[in-house]
Amino acid sequence: MTVVSLQATLRRARRIALDTSVILAASDAGDARQPCARWILDEIERGRFSFAVVSSLTVAEALVRAVTSSFEDGIAAQTALRSFPHLTVAALDFDVAVEVAHIRGATKLKMPDAIVLGTAIAHQVDAIVHGDAQWATKAKPYAAALRLVYLGDHCP
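Going along each chain's sequence as written, the residues are numbered from 1 onward. With pLDDT at 70 or above as the cut-off, local features in this predicted model cover only qualifying residues; side-chain atom pairs require 80 or more to be listed or tallied, and sums for whole chains, interfaces and linings still use all residues. For side-chain calculations, the full set of non-hydrogen atoms in the structure is used, while hydrogens and water are omitted.

A. A look at the overall build of the chain. Only runs of H or I of at least four residues qualify as helices and only runs of E of at least two qualify as strands under DSSP, and these elements are numbered from the N terminus. Counting secondary structure elements, the chain contains eight helices and five strands. Listing each helix as α and each strand as β along the chain from the N terminus yields α-β-α-α-β-α-α-β-α-α-β-α-β. We compute the radius of gyration over the C-alpha atoms and compare it with the globule rule, which gives 2.2 Å times the number of residues raised to the power 0.38. The C-alpha atoms of the chain give a radius of gyration of 15 Å, which matches the 15 Å a tight globule of 156 residues would have. Each of the three principal axes of the chain carries a C-alpha extent, and together these read 40 × 35 × 25 Å. Here the chain holds 156 residues, and the buried ones make up 46% of them. Nonlocal contacts in the chain, meaning residues at least 24 apart in sequence, comprise 66% of its contacts between residues at least 6 apart. Per-residue and other accessible areas follow the Shrake-Rupley method at a 1.4 Å probe size, with only the shown protein chains counted as cover for residues. When the accessible surface of the chain is split by element, carbon and sulfur atoms take 55% of a total near 8,000 Å². Within the chain, the 16 negative side-chain charges are centred at a point lying 7 Å from the centre of the 16 positive side-chain charges. Here's how the labels work: a residue is buried when its accessible area is under 20% of the maximum for its type, exposed when over 50%, partly exposed in between, all with a 1.4 Å probe on protein chains only. The contact criterion used is simple: two residues touch if any of their non-hydrogen atoms lie within 4.5 Å. Only four residue types enter the tally: Lys and Arg on the positive side, Asp and Glu on the negative side, with His and both chain ends excluded. Charge positions are represented by NZ for Lys, CZ for Arg, CG for Asp and CD for Glu.

B. Representation of the nonpolar core in the model. Within the largest apolar cluster, 32 residues are counted, with the highest numbers of intra-cluster contacts made by L10, I16, L18, I40, I44 and L151. Residue contributions to this core peak at six residues, all from helix α3 (residues 34-46). Excluding its chain neighbours within four sequence positions, the residues that come into contact with L151 are L6, V22, A25, R33, C36, A37, I40, V129 and H130. In this structure, I103, W135, Y142 and L146 belong to the second largest nonpolar core, which totals 20 residues. As used here, the term nonpolar core means buried Ala, Val, Leu, Ile, Met, Phe, Trp, Tyr and Cys residues forming a set that is joined through side-chain atoms within 4.5 Å.

C. Layout of unusual backbone geometry. Its identity is not glycine, yet K108 carries a phi of approximately 65 degrees, on the positive side. Secondary-structure assignment places K108 in the loop between α6 (94-107) and α7 (111-122). The backbone of Q124 sits at a positive phi, close to 50 degrees, despite the residue not being glycine. For Q124, the position within the fold is in the loop between α7 and β4 (127-130).

D. Examining the pairing of β4 more closely. Burial along β4 is two-sided: A127 and V129 facing one way and I128 and H130 facing the other are all buried. When DSSP finds two or more bridges between two strands, those strands count as paired. As defined by bridge partners, strand β1 (residues 15-18) adjoins β4 across three bridges and the pair is classed as parallel. Residue pairing across strands places I16 opposite A127, the latter belonging to β4. Pairing analysis gives four bridges linking β4 to strand β5 (residues 147-150), with the strands arranged parallel.

E. Looking closely at the packing of helix α4 (residues 56-69) against helix α5 (residues 71-82). Lines fitted to C-alpha atoms define the axes, with helix axes restricted to the stretch in contact, and inter-axis angles between N-to-C directions lie between 0 and 180 degrees. For the pair α4 and α5, interaxial distance at closest approach is 7 Å and the crossing angle is 150 degrees. Taken together, α4 and α5 sit at an angle that is classed as roughly antiparallel. Of α5, the residues touching α4 (which contributes V59, A62, L63, A66, V67 and S69) are D73, G74, A77, Q78 and L81. When residues are sorted by character, Ala, Val, Leu, Ile, Met, Phe, Trp, Tyr, Cys and Pro go into the nonpolar class, Asp, Glu, Lys and Arg into the charged class, and all the rest, Gly among them, into the polar class. In terms of residue class, the contact of α4 with α5 is built from seven nonpolar, three polar and one charged. For this classification, under 35 degrees means roughly parallel, over 145 means roughly antiparallel, 65 to 115 means roughly perpendicular, and everything else is oblique.

Structure below.
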C-alpha cells in the first residue's frame, strides 16, 4: 500500500477530519506513515477538500512536543496551525460534547479519541483519517456515518 491507495480511498471525500496522529506523522521523518500524512496536509493546504477539520484537542496534542522543546518552537508550531489554509479548528462546544458522550458510552474509546470522532461526526464529514488500529473495531459502529481511514493501511 502507498499514498496512491490513500488517494483512491479519499477520491470522493469532500469533507474530512484528521486525528492528531496525522499531524504528528507528517512532521516525523521516522514515521513510516509520513508520506501519507504529508499528502493529506498538502491536499488540505491546496484546497482539494471543501472542508477539513480538527478538534481543538488535536491542536493541543499536536503542540505538546513543540512547546516543550522551546518557546520559539512552540510559537512557530502555533503560528503554523493557526494559519494553516483550509483547515478549521473546531471548539468542543455543548453539541459536540453530547456527541462525544454518546460515542464514549457506545465504544469505550478513550476520551481524546471520542472527542476527535465526535468532532468529525458533529461536522458531518465524509471521512476521518486516523492512526489508531483499534478504531477498526472500537469505532466500527460509526463506520456507517463516515469512512474511517486508517493511515497504517496505506503507509504502514
